[in-house]
Amino acid sequence: MSDPRYQIDVSVVTRYLKEQSDPENDRFAFAYTITVKNNGSVPAKLLSRHWLITNGDGHVEEVKGAGVIGQQPLIEPGQSHTYSSGAVISTKVGTMQGSYQMFAEDGKRFDAVIAPFRLAVPGALH
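This section reports on the structure supplied with the text. All values reported here derive from a predicted model rather than from experimental measurement.

Turning our attention to the overall build of the protein. When you go through the protein residue by residue, the secondary structure sums to zero helices and eight strands. If you list the helices and strands of the protein from N to C, you get β-β-β-β-β-β-β-β. For the C-alpha atoms alone, the extent of the protein along its principal axes is close to 50 × 25 × 25 Å. Each of the 126 residues in the protein was classed as buried or not, and the buried ones make up 36%. In the protein, the share of contacts with a sequence separation of at least 24, taken over all contacts with a separation of at least 6, comes to 65%. In the structure as shown, the protein presents an accessible area of about 7300 Å², 47% of it carried by carbon and sulfur atoms.

Shown next as structure tokens:
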């Protein structure tokens, strides 16, 4: 059972970027907006990210890096941090999932899980 002091919830909204995509060359661009909410009782800093991006053919790309879009936000209890970024995959449908590595002000390190979410060209799925 996870410790309620370190409760980080992640929500995602995705959007297909038709103007940045080139389907004839297997390029499908997506934007995603993520809200990271601290539902725990201890302020926590988002140190790094770890993504697994899977296209419709099962090819997995792993992405790791410090912070999100160049930031390492400190998120107070009850507060959230929202940012937008993007991904390009070679198929009309794919998924992303991963985790944020967090550091609480009391010295505890923990992961905030990012549940799988879908990247899909409108109309690609029935």
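Residues Trp51, Met96, Tyr100 and Met102 are the most contacted members of the largest nonpolar core, which totals 28 residues. Elements supplying a minimum of two residues to this core: strand 1 (8-16), strand 2 (28-38), strand 3 (44-55), strand 6 (80-89), strand 7 (93-104) and strand 8 (109-120). The contact partners of methionine 96, leaving out residues within four places of it in the chain, are Tyr32, Trp51, Leu52, Ile53, Ala87, Ala115, Pro116, Phe117 and Leu119.

Here we come to the sheet that holds strand 2. Pairing is antiparallel in the open sheet, where three strands are placed in the order 1-2-6. Only two strands of the sheet have a single neighbouring strand rather than two, namely strand 1 and strand 6. Strand after strand, the sheet turns through a mean of 20° between neighbouring axes, direction not considered. The pairing of strand 2 with strand 6 spans ten bridges and is antiparallel. If you follow alanine 31 over to strand 6, its bridge partner there is glycine 86.

With that out of the way, let us pick up the pattern of salt bridges. Scanning the entire structure with this criterion turns up one salt bridge. Put simply, arginine 5 and aspartate 3 hold a salt bridge, and the shortest N to O gap is 2.5 Å. Arginine 5 sits in the partly exposed class, given a relative accessible area of 40%. With relative accessibility at 26%, the residue aspartate 3 sits in the partly exposed group.

When you line up the elements, glycine 78 lands in the loop between strand 5 (74-75) and strand 6. Taking the relative accessible area as the measure of exposure, glycine 78 reaches 46% and is therefore partly exposed. Along the sequence, glycine 78 and glutamine 97 sit 19 residues apart, while their C-alpha atoms lie 24 Å from each other. Leaving out residues up to four positions away in the same chain, glycine 78 has contacts with Lys37 and Asn38.

The rules behind the values
- Residues numbered from 1 in each chain as written.
- Predicted model: local features only at pLDDT ≥ 70, side-chain atom pairs only at ≥ 80, totals over all residues.
- Heavy atoms only, no water.
- Helix = DSSP H or I, 4+ residues; strand = E, 2+ residues; numbered from the N terminus.
- Buried < 20%, exposed > 50% of the residue type's maximum accessible area, 1.4 Å probe, protein only.
- Contact = heavy atoms within 4.5 Å.
- Areas by Shrake-Rupley, 256 points an atom, 1.4 Å probe, with all protein chains shown as cover.
- Core = buried A, V, L, I, M, F, W, Y, C linked by side-chain atoms within 4.5 Å.
- Pairing = 2+ DSSP bridges.
- Axes fitted to C-alpha atoms, helices over the stretch in contact; angles between N-to-C directions.
- Salt bridge = Lys/Arg side-chain N within 4 Å of Asp/Glu carboxyl O.

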